[in-house]
Amino acid sequence: MSAEPGRAPGRHILILGGTTEARRLAEALAGTAARVTTSLAGRVAAPVLPPGETRIGGFGGPAGLARWITAHGVTDLVDATHPFAERMSFNAAGAAALTGVPLLALRRPGWTPGPGDAWTFADSLAGAAAVLPGLGGRAFLTTGRMGLHSFAHLTGTWFLVRSVDPPAPPVPPRLEVLLDRGPFTLEDERELLARHRIDVLVTKDSGGSATAPKLTAAREAGIPVLVVRRPAVPEGVAEADSVAAALHRLRYDHAR
Ligand code: NAP
């Protein structure tokens, strides 16, 4: 296993990031002897960078990721990408198979409806767009700017879209964009729903606490929620459902 000049040979953990959990994992590992590199896709113009080393941009599929892993002496691969970053999760599994480097998937649990929730599920953004007009006419769309094209043909629906960076066309014709980055408080979400007279919320089943208050605010206001189900994950990959569980699997319990 190679090490860079001046570095003692040891573990090199590559975190595939772009999530709050990936950043928290890098923060927890910062105090250990491990070399930690976080990889970001480069979708966000001004990302919040974690401690440790960072690299930005695609690797070139599973083979490219495998090459990077070998060239940089990676000993542990952690897929901490967003639950909807389906391609990258399969790339990670492919690269782990090609290199023999162990892979751990850090996946936050999905959301489940509770008493008082009126949730409708869709299998994709396109599926959500198909049922949306039957649920409401003023939609708060929190599925991210990348999938907006799936809703672009809905001329009868008014959309409030919240995203970190501005969306690119094609977008729905009746649209207001709110540039913001979570976490969001319940107070924020209540105010937003009321101010824009929202009558339906559209979300991916992202899970996690940073963006969950919108679900509580929708329940309180009696607003239906359209939830896009998570895509499939590669089979046979070890999973951790929290940063603490990931540290345990990586044998860094003391770093919590
Ligand atoms: P994706 O469709 O699964 O991946 C598309 C391509 O982007 C991959 O094939 C890979 O290119 C590159 N890529 C993705 N994640 C990468 C990473 N962490 N480091 C280096 N390259 C990466 O991914 P996506 O849904 O577009 O998401 C992109 C990033 O945004 C991910 O890091 C994810 O964690 C974050 N994110 C996604 C969502 C979402 O809803 N999808 C929400 C919040 C954050 P190569 O094949 O060339 O390696």
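Note that this is a predicted model, so its numbers are computed, not measured. (Residues numbered from 1 in each chain as written. Predicted model: local features only at pLDDT ≥ 70, side-chain atom pairs only at ≥ 80, totals over all residues. Heavy atoms only, no water.)

Before going further, it helps to examine the environment of Val-161. Structurally, Val-161 is set in strand E8 (residues 158-163). Classification of Val-161 by relative accessible area gives buried; the value is 1%. Ignoring anything within four residues of it in the chain, the contact list for Val-161 reads Leu-141, Leu-148, Leu-175, Glu-176, Val-177 and Leu-178. (Helix = DSSP H or I, 4+ residues; strand = E, 2+ residues; numbered from the N terminus. Buried < 20%, exposed > 50% of the residue type's maximum accessible area, 1.4 Å probe, protein only. Contact = heavy atoms within 4.5 Å.)

Relative to the elements of secondary structure, Leu-215 occurs in helix H6 (residues 213-221). On the basis of relative accessible area, Leu-215 is assigned to the buried category, the value being 5%. Sequence separation between Leu-215 and Trp-119 is 96 residues, and the spatial gap between their C-alpha atoms is 9.7 Å. When residues no more than four places from it in sequence are discounted, the contact partners of Leu-215 are Trp-111, Asp-117, Trp-119, Leu-201, Thr-203 and Val-225.

Looking now at the nonpolar core. Counting 20 residues, the largest nonpolar core has Ile-15, Leu-25, Leu-29, Val-78, Leu-247 and Tyr-252 as the members making the most contacts within it. Counting residues per element, the ones that place at least two in this core are strand E1 (12-16), helix H1 (20-29), strand E5 (103-106) and helix H7 (243-249). Considering every element that reaches this core, the biggest residue donor is H1, with five residues. Look past the residues within four positions of Val-78 in its chain and what remains in contact with it is Ile-13, Leu-14, Ile-15, Leu-16, Leu-25, Leu-104, Leu-106 and Leu-250. (Core = buried A, V, L, I, M, F, W, Y, C linked by side-chain atoms within 4.5 Å.)

In this structure the tally under the stated criterion is three aromatic pairs. On the basis of an interplanar angle of 65° and a centroid distance of 6.1 Å, the ring pair of Trp-119 and Phe-121 is categorised as edge-to-face. Overall, the relative accessible area of 14% leaves Trp-119 in the buried class. Phe-121 sits in the partly exposed class, given a relative accessible area of 33%. Across the ring face of Phe-59, the terminal group of Arg-55 is positioned such that the distance to the ring centre comes to 3.8 Å. The ring of Phe-184 has Arg-162 sitting right over it, with the charged end atom 3.5 Å from the ring centre. (Phe/Tyr/Trp six-rings, centres within 6.5 Å; stacked < 30°, edge-to-face > 60°. Lys NZ or Arg CZ within 6 Å of the ring centre and 35° of its normal.)

This paragraph deals with the domain arrangement of the chain. Per the domain assignment, the segments making up the chain are domain 1 (12-109 + 232-255) and domain 2 (119-228). The C-alpha-based centres of domain 1 and domain 2 are spaced at 28 Å. Between domain 1 and domain 2, the residue contacts involve eleven residues of the former and eleven residues of the latter. Together domain 1 and domain 2 conceal approximately 820 Å² of surface at their shared face, both sides included; 54% is due to carbon and sulfur atoms. By the criterion of area lost to domain 2, the three top residues of domain 1 are Arg-43, Phe-84 and Arg-108, representing 50% of everything that side buries. The interface formed by domain 1 and domain 2 includes zero salt bridges. At the surface where domain 1 touches domain 2, the tally comes to six residue pairs in polar contact (both at pLDDT 80 or more). (Domains from an automatic or database assignment. Buried area = accessible area lost by both parts, 1.4 Å probe. Salt bridge = Lys/Arg side-chain N within 4 Å of Asp/Glu carboxyl O. Polar contact = N/O pair within 3.5 Å; in protein donor to acceptor, adjacent residues only side chain to side chain.)

Tallied over the entire structure, the rule returns one cavity of 30 Å³ or more. In this structure, the largest cavity occupies an estimated 40 Å³ of space. As for the largest cavity, its lining consists of Thr-19, Glu-21, Ala-80, Thr-81, Pro-83, Leu-106, Arg-107 and Arg-108. (1 Å grid on protein atoms, 1.4 Å probe; cavity = no way out; pocket = protein on both sides within 12 Å on 5 of 7 lines; lining within 4 Å. Points joined across faces, edges and corners; volume = space filled by probe spheres on them.)

Attention now goes to the packing of helix H2 (residues 61-71) against helix H3 (residues 86-99). Close contact between H2 and H3 brings their axes to 8 Å; oriented N to C, the two are set at 55°. With respect to H3, the axis of H2 lies oblique. Pair H2 / H3 crosses with right-handed handedness. Contact with H2, carried on its side by Gly-61, Pro-62, Ala-63, Leu-65, Ala-66, Ile-69 and Thr-70, involves Met-88, Asn-91, Ala-92, Gly-94, Ala-95, Leu-98 and Thr-99 of H3 and no other residues of that element. Of the residues in the contact of H2 with H3, the class split is nine nonpolar, five polar and no charged. (Axes fitted to C-alpha atoms, helices over the stretch in contact; angles between N-to-C directions. Parallel < 35°, antiparallel > 145°, perpendicular 65-115°, else oblique. Left-handed = near helix turned anticlockwise from the far one by under 90°. Nonpolar A, V, L, I, M, F, W, Y, C, P; charged D, E, K, R; others polar.)

In the vicinity of the ligand there are 22 residues, among which Gly-17, Ser-39, Phe-59, Met-88 and Lys-204 approach most closely. Gly-61 has a polar backbone atom sitting 3.0 Å from an oxygen atom of the ligand. In this structure, Met-88 approaches the ligand through a main-chain N or O atom, which is 2.8 Å from an oxygen atom. Relative to its free-state accessible area of 810 Å², the ligand is covered by the protein chains to the extent of 79%. Of all the secondary structure elements, the ones that give two or more residues to the shell around the ligand are strand E2 (35-40) and H3. Here the residues of the shell around the ligand are counted per class, giving seven nonpolar, ten polar and five charged. (Near = heavy atom within 4 Å. Areas by Shrake-Rupley, 256 points an atom, 1.4 Å probe, with all protein chains shown as cover.)

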